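Tertiary structure, described
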Amino acid sequence: MSAPPQVADPRAEAAAPQVEAEVAAPQTEADGPLADPTTSEAPVALPGWTEGCPGGMVRVEGEYCPAVVQECLEYHPEWTKRHGEPGVAARCVRFREPSRCVAKKNENLSFCMDRYEYPNVPGELPRTLTSWEQAADLCAADGKRLCTEAEFNFACEGPEALPYAYGYQRDAETCNQDRDYRFPDHSQRLLHYEACQQNERCAAELSRLDGREPAGGRAACASWAGVFDLNGNANEWVVRTDQKAPYRSGLKGGWWGPIRSQCRPMTTFHKEDDYGYEVGFRCCSDVEPQAT
């Protein structure tokens, strides 16, 4: 049996139409017991609301606009001078405020999302080299599921439909993004995550390309809902609910390279068995019934 193809070119991102609603101030809660009660240290307060969600997840709830216009007022100089060249993506430096919702009506969403990229452990590097199929199985093994496109959008952009999780102006320091692009060696295929770590050649190539940072390492890279690293760090698989196999897979949020790394756009041409060195995921779940 032939091995599944890896993501061919992480620079390529599908162009996407780029929302408006009132913003509810996020509550702040400690995400589970973070300190030994016998010590004098207080638990670390993390942003977001966790009621009705398993440990390590945050509650995301509110009015979501399915169709949004986000107008870019200024593109990165690299794009204006070199668009069309390999490794050059349409990065927007500044968007018009506010975003505009053009949907006939909003959708009410309520769900739980992992606070960090899988394995959802603060301080750990996110798992990559994982296909959409594998990601779905890993979430299911934890009693969860992959997030949908709409869930990712809303957790990232919030009721205001922000272009970036942190606002309307791009900031290369807020999230792990905009690092120089390193061209992968396509002469040999990278292996899946565990196998790559155990293979000397693959591990060396992954190390050369790798720009991941530990989950939650940039405190400012938290969305309105208290979810970290939705822009940058690792691309994230989501479910396209309007598609059937093998086209249910989409990639959201961007990674550490010099690419769009926005909330709303999605790359759609990678099939469910594709994977790449910059491709990770996080899990979602329904809110526990008693909490609704």
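Before reading further, recall that the structure is shown in the block above.
A tally of helices and strands in the protein yields five helices and 14 strands. Relative to its 292 residues, the protein shows a buried fraction of 50%. For the protein, the accessible area works out to roughly 13,500 Å², and carbon and sulfur atoms hold 50% of it.

This paragraph deals with helix α3 (residues 149-157). Along α3, eight of the nine residues are buried, which leaves the element largely enclosed by surrounding structure. Taken residue by residue, α3 has A150, E151, F152, N153, F154, A155, C156 and E157 as its buried positions. Remark: G158 follows α3 within two positions and exhibits a positive phi of approximately 75 degrees.

Turning our attention to the packing of aromatic side chains. Considering all chains together, one arrives at twelve aromatic pairs under this definition. Pairing Y181 with F183 gives two aromatic rings, centres 4.7 Å apart and planes at 85 degrees, and the pair type is edge-to-face. With relative accessibility at 16%, the residue Y181 sits in the buried group. For F183, a relative accessible area of 46% translates into the label partly exposed. Judged by centre distance (5.2 Å) and plane angle (90 degrees), the rings of W255 and W256 are edge-to-face. Across the pair, exposure class does not vary: W255 and W256 are buried alike.

Taking strand neighbours across the sheet as the criterion, the four strands line up as β3-β8-β14-β9 in an open arrangement whose pairing is antiparallel. The open sheet has two free edges, formed respectively by β3 (57-64) and β9 (145-146), since each of these has just one partner strand. Pairing geometry for β3 and strand β8 (residues 107-114), over eight bridges, is antiparallel. Residue pairing across strands places V60 opposite F111, the latter belonging to β8.

Across all of its chains, the model carries eight disulfides by this definition. The partner cysteine of C53 in its disulfide is C112, sulfur to sulfur 2.1 Å. Its S-S torsion of approximately -85 degrees makes the covalent link between C53 and C112 left-handed. Taken together, the residues span a long stretch of sequence, with C53 in the loop between β2 (46-47) and β3 and C112 in strand β8 at a distance of 59 residues. C112 matches C53 in its accessibility class, with the two residues each being buried. At a sulfur-sulfur separation of 2.1 Å, the disulfide partner of C147 is C284. Disulfide C147-C284: the torsion about the S-S bond is 95 degrees, which places it as right-handed. One end of the pair, C147, is in the loop between β9 and α3; the other, C284, is in strand β14 (residues 283-285), and 137 residues separate them in sequence.

All right, on to helix α2 (residues 132-141) then. Listed as buried for α2 are W132, A135 and C139. Along the long axis of α2, the arc covered by the buried residues comes to 60 degrees, so they all point the same way. Turned more than 90 degrees away from the buried face of α2, the exposed residues are D137 and A141. Elements that come into contact with the buried residues of α2 comprise β9, β10 (235-239), β11 (249-252) and β14. A positive backbone phi angle near 75 degrees is found at G143, which sits one or two residues after α2.

Here we take up the environment of F154. The residue F154 is located in helix α3 in this model. Its relative accessible area of 0% is what places F154 among the buried residues. Residues F154 and P66, spaced 88 residues apart in sequence, show a C-alpha to C-alpha distance of 9.3 Å.

This part takes up the pattern of salt bridges. Considering all chains together, one arrives at 19 salt bridges under this definition. Taking the shortest distance from any N to any O, the salt bridge between E78 and R91 comes out at 2.7 Å. Here the residue E78 occupies a position in helix α1 (residues 77-82), and R91 occupies one in the loop between α1 and β6 (92-95), the gap between them amounting to 13 residues. With respect to burial, E78 and R91 carry one shared label: buried. Each member of the salt-bridge network shares a partner with another, and the members are E78, R82, E85, R91, R170 and D178.

Attention shifts here to the sheet that holds strand β13 (residues 279-280). Taken in spatial order, the four strands make up an open sheet running β12-β11-β10-β13, and their pairing is mixed. Since the sheet does not close on itself, it has two edges, and those belong to β12 (266-267) and β13, each with one partner. Across four bridges, β10 lies against β11 in antiparallel orientation. Counterpart to V239 in the pairing with β11 is S249. Contacts from α2 reach β10 and β11, with the element oriented near 75 degrees to β10. In the packing of α3 onto the sheet, the strands contacted are β10, β11 and β12, and the crossing angle to β10 comes to about 130 degrees.

About the cut-offs
- Residues numbered from 1 in each chain as written.
- Predicted model: local features only at pLDDT ≥ 70, side-chain atom pairs only at ≥ 80, totals over all residues.
- Heavy atoms only, no water.
- Helix = DSSP H or I, 4+ residues; strand = E, 2+ residues; numbered from the N terminus.
- Buried < 20%, exposed > 50% of the residue type's maximum accessible area, 1.4 Å probe, protein only.
- Areas by Shrake-Rupley, 256 points an atom, 1.4 Å probe, with all protein chains shown as cover.
- Phe/Tyr/Trp six-rings, centres within 6.5 Å; stacked < 30°, edge-to-face > 60°.
- Pairing = 2+ DSSP bridges.
- Disulfide = S-S within 2.5 Å.
- Arc of directions from axis to C-beta.
- Contact = heavy atoms within 4.5 Å.
- Salt bridge = Lys/Arg side-chain N within 4 Å of Asp/Glu carboxyl O.
- Axes fitted to C-alpha atoms, helices over the stretch in contact; angles between N-to-C directions.

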